Amino acid sequence: MSRPLLYLDVDGPLNPYAAKPERRPDGYSTHRMKPQGWMAQHGDTPPHRVRPLRVWLNADHGRRLLELGELYDLVWATTWGAEANTFISPVLGLPELAVVRWPTMHDAGPDSTFWKTRHLVAHAQGRPFAWVDDELDAADRGFVAAHHEGPALLHRVDARLGLCDADFAALEAFARALRSPASEPR
Ligand SMILES: [Mg+2]
């Protein structure tokens, strides 16, 4: 079996944007960034007048993702697109990662699925994958089970908390189970 992919969402898993705004979560540092996706939301406002996006990032996530890189091929699966490599990777100490290029964004997916889901199934081309995102749910799991041949772990992360120990443990366990010939998790 080929190496599994690990699809990484930024806002939610790495940037716990839904945490209480007045209190930065422990372990995180604050960054102010102007990615294209943020600037595009501000229409005709001159770029220097747009308030930057506040992003909380945890350098420890970078270390732990690098460890998972022993088991997975890491891939950005985020509206940040290739800008995840320019804005997020350096803060987390990650190398430049592969990037999912979305044919469309923020449109309705089939069967009440999240807009990313069908694009990730197409991107994976049957390779086993794990996906961390704060917006996936049971409809997405059903869609992947029906349309993706390989094993998949759709792992929802709480956008108030970001990636936690239990999330990393689940990702590691899934990849290790794929390596043991006796089991084929779905
Ligand atoms: Mg998200």
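In case you missed it, the structure is sitting above this.
Here's what I pulled together on the structure shown here. This structure is a prediction, so every number in the text was calculated from the model and none was measured. (Residues numbered from 1 in each chain as written. Predicted model: local features only at pLDDT ≥ 70, side-chain atom pairs only at ≥ 80, totals over all residues. Heavy atoms only, no water.)

## Structural notes on the environment of Leu136
Along the chain, Leu136 turns up in the loop between strand S6 (129-133) and helix H5 (138-147). According to the relative accessible area criterion, Leu136 is buried, its value standing at 0%. Setting aside residues up to four positions removed in sequence, Leu136 forms contacts with Trp131, Arg141, Leu154, His155 and Arg156. (Helix = DSSP H or I, 4+ residues; strand = E, 2+ residues; numbered from the N terminus. Buried < 20%, exposed > 50% of the residue type's maximum accessible area, 1.4 Å probe, protein only. Contact = heavy atoms within 4.5 Å.)

## Description of the packing of helix H4 (residues 117-124) against H5
It is at 10 Å that the axes of H4 and H5 come closest, and there the two elements cross at 30°. By the angle between their axes, H4 is roughly parallel relative to H5. The element H4 and its partner H5 pack so that their crossing is right-handed. Packed against H4, whose contacting residues are Thr117, Arg118 and Val121, the element H5 presents Asp140, Phe143, Val144 and His147 at the interface. (Axes fitted to C-alpha atoms, helices over the stretch in contact; angles between N-to-C directions. Parallel < 35°, antiparallel > 145°, perpendicular 65-115°, else oblique. Left-handed = near helix turned anticlockwise from the far one by under 90°.)

## Describing the coordination of the magnesium ion
With distances of 2.1 Å, the protein atoms coordinating the magnesium ion are Asp9 (OD), Asp11 (O) and Asp134 (OD). The motif formed by the donor residues of the magnesium ion, counted along the single chain, is D-x1-D-x122-D. (Donors = N, O, S within 2.8 Å, 3.2 Å for Na, K, Ca; no water.)

## Regarding the pattern of salt bridges
The final tally for this structure, using the stated rule, is eleven salt bridges. A salt bridge links Arg64 to Asp165; the nearest nitrogen and oxygen atoms lie 2.6 Å apart. Note that Arg64 is positioned in helix H2 (residues 59-68) and Asp165 in helix H6 (residues 165-179), a separation of 101 residues in sequence. Judged by its relative accessible area of 53%, Asp165 falls in the exposed class. The shortest N-O distance in the salt bridge between Arg127 and Asp73 comes to 2.8 Å. Of the two residues, Arg127 is situated in the loop between H4 and S6 and Asp73 in strand S4 (residues 73-76); the sequence distance between them amounts to 54 residues. (Salt bridge = Lys/Arg side-chain N within 4 Å of Asp/Glu carboxyl O.)

Such coordinate-based values are descriptive only and should not be taken to indicate function.
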